[in-house]
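Here is what each chain is made of, one letter per residue.
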Amino acid sequence: MSVTIPLLNLELMPGSRVSFSSISWEDYEAIQQELGENRNLRLVYYPDVLEIMSPSAAHERPHRLIAYIVTTILEHQGRDWEDFGSTTLKYPEVAGIEPDTCFYIQNADRARNFTHLDLTKSPPPDLAIECDLTSKTVIKAYEALRVPEVWIYSSDRLQIFVFSGTEYKQVENSLAFPDFPISNLIPQLIQKGMSEGTRKMLGELKTNLAKKQ
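Thresholds applied
- Going along each chain's sequence as written, the residues are numbered from 1 onward.
- Owing to the predicted nature of the model, reporting of local features is limited to residues with pLDDT of at least 70; listing and counting of side-chain atom pairs is limited to 80 or more, with chain, interface and lining totals taken over all residues.
- Derived side-chain values reflect all non-hydrogen atoms in the structure, with water molecules and hydrogen atoms excluded from consideration.
- Buried means the residue's accessible area, taken with a 1.4 Å probe over protein chains only, is under 20% of the maximum for its type, while exposed means over 50%, and partly exposed covers the values in between.
- Secondary structure is summarised from DSSP: a helix means a run of H or I of at least four residues, a strand means a run of E of at least two, and numbering begins at the N terminus for each.
- The rule for pairing is simple: two strands pair if DSSP sees at least two bridges between them.
- Whenever a helix is involved, its axis is fitted only over the stretch in contact; in every case the axis is a line through C-alpha atoms, and angles between N-to-C directions fall within 0 to 180 degrees.
- Residue contacts are defined here by distance: any two heavy atoms, one from each residue, within 4.5 Å place the two residues in contact.
- We treat Lys and Arg as the positive residues and Asp and Glu as the negative residues; His and chain ends play no part in the count.
- One side-chain nitrogen of Lys or Arg within 4 Å of one carboxyl oxygen of Asp or Glu is enough to make a salt bridge.
- Whenever two N or O atoms come within 3.5 Å, that pair is a polar contact, provided that in protein one can donate a hydrogen and the other can accept it, and provided that, for residues adjacent in sequence, both atoms are side-chain atoms.
- For this quantity, the arc is that covered by the directions from the helix axis to the C-beta atoms.

**Some thoughts on the pairing of strand β10 (residues 157–163)**
Counting buried positions over the seven residues of β10 gives six, a clear majority of the element. The pairing of strand β9 (residues 149–154) with β10 spans six bridges and is classified as antiparallel. Bridging from a neighbouring strand, Glu 149 pairs with Val 162 of β10. Between β9 and the antiparallel strand that follows it, β10, lie two residues; Ser 155 among them carries a positive phi value of about 50°. Where β10 and strand β11 (residues 168–171) come together, four bridges link them in antiparallel fashion. If you follow Phe 163 over to β11, its bridge partner there is Tyr 168. Hairpin connection from β10 to β11: four residues lie between these consecutive antiparallel strands, with Gly 165 at a positive phi of about 120°.

This is the structure we're talking about:
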């Protein structure tokens, strides 16, 4: 099949998505190249299916707050991390996805010198973070890429999914932060950040972490 979608003229309302079927890996890569890097659209590919999403402000804000919270906790713990943001994760012919945010934590030392991600040779990020997801295609893509842990924040709730080797299982405790009640902590901190501001929320988090030492 040849791609005939007028992609440069594609306009999506913030928060909406479109799905295309019978899309090959070659089609997916051609679409990525046509859209380029400077775009406000996210692509997800899983065999024969391509989803194009337009994030909204309500989508973007929570995952940035979560990223700040994650790095604040890691810094408090004295742990290394590498933040790869929404870098495209690909395994040729299998899947491709642009997470809201992703981190190397357990494998931070291996990722330090990565200038691009080749998941045929390198491990996937240890943690991927997504907001307001309902698509099965997205989860299937993460399964294909074997990302160890995925957080999905939606409707003031954080769900933690851990890859079992074949599929994701929802769990209570994070692999990356086993000593923190992450599923309860993150929603509380997001609401505080929204109501009181990011600086104040992170300041109080740092103070509470210091008290627990």
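Moving on from the model shown.
**Some remarks on the sheet that holds strand β3 (residues 48–53)**
With respect to topology, five strands assemble into an open sheet ordered β1-β3-β2-β6-β5, the strand pairing being antiparallel. Each end of this open sheet is capped by a strand with a single partner; those strands are β1 (17–23) and β5 (89–91). Sheet twist, expressed as the average angle between the axes of neighbouring strands with direction ignored, equals 15°. Against the sheet, helix α1 (residues 25–35) makes contact with β1, β2 (42–46), β3, β5 and β6 (95–97), and its axis sits at roughly 170° relative to β2, the strand it touches most.

**Topic: the pairing of β3**
Bridging between β1 and β3 involves six bridges; their strand directions are antiparallel. Bridged to Phe 20 within β3 is Leu 50. Sheet analysis places β2 next to β3, joined by five bridges and oriented antiparallel. Opposite Tyr 45, over in β3, you have Leu 50 as the bridge partner. If you look at the hairpin formed by β2 and β3, you'll find one residue sitting between the two strands.

**Comments concerning the side chain of Asp 126**
Assignment of secondary structure puts Asp 126 in the loop between α3 (108–111) and β8 (127–131). For the buried Asp 126, no salt bridge is present, and the opposite-charge side chain at shortest range is Arg 79, 7.9 Å distant. Looking at Asp 126, its side chain comes within polar contact range of the main-chain nitrogen of Ile 105, at 2.7 Å. Every residue in contact with Asp 126, bar those within four places of it in the chain, is listed here: Phe 103, Tyr 104, Ile 105, Gln 106, Asn 107, Pro 148 and Glu 149.

**With respect to α1**
Taken as a whole, α1 has its buried residues at Trp 25, Asp 27, Tyr 28, Ile 31, Gln 32 and Leu 35. The buried residues of α1 occupy an angular sector of 160° when the element is viewed end-on, so they sit on one face. Close packing links the buried residues of α1 with β1, β2, β3, β5 and β6. Taken from the residues just after α1, Gly 36 is the one with a positive phi, measuring 75°.

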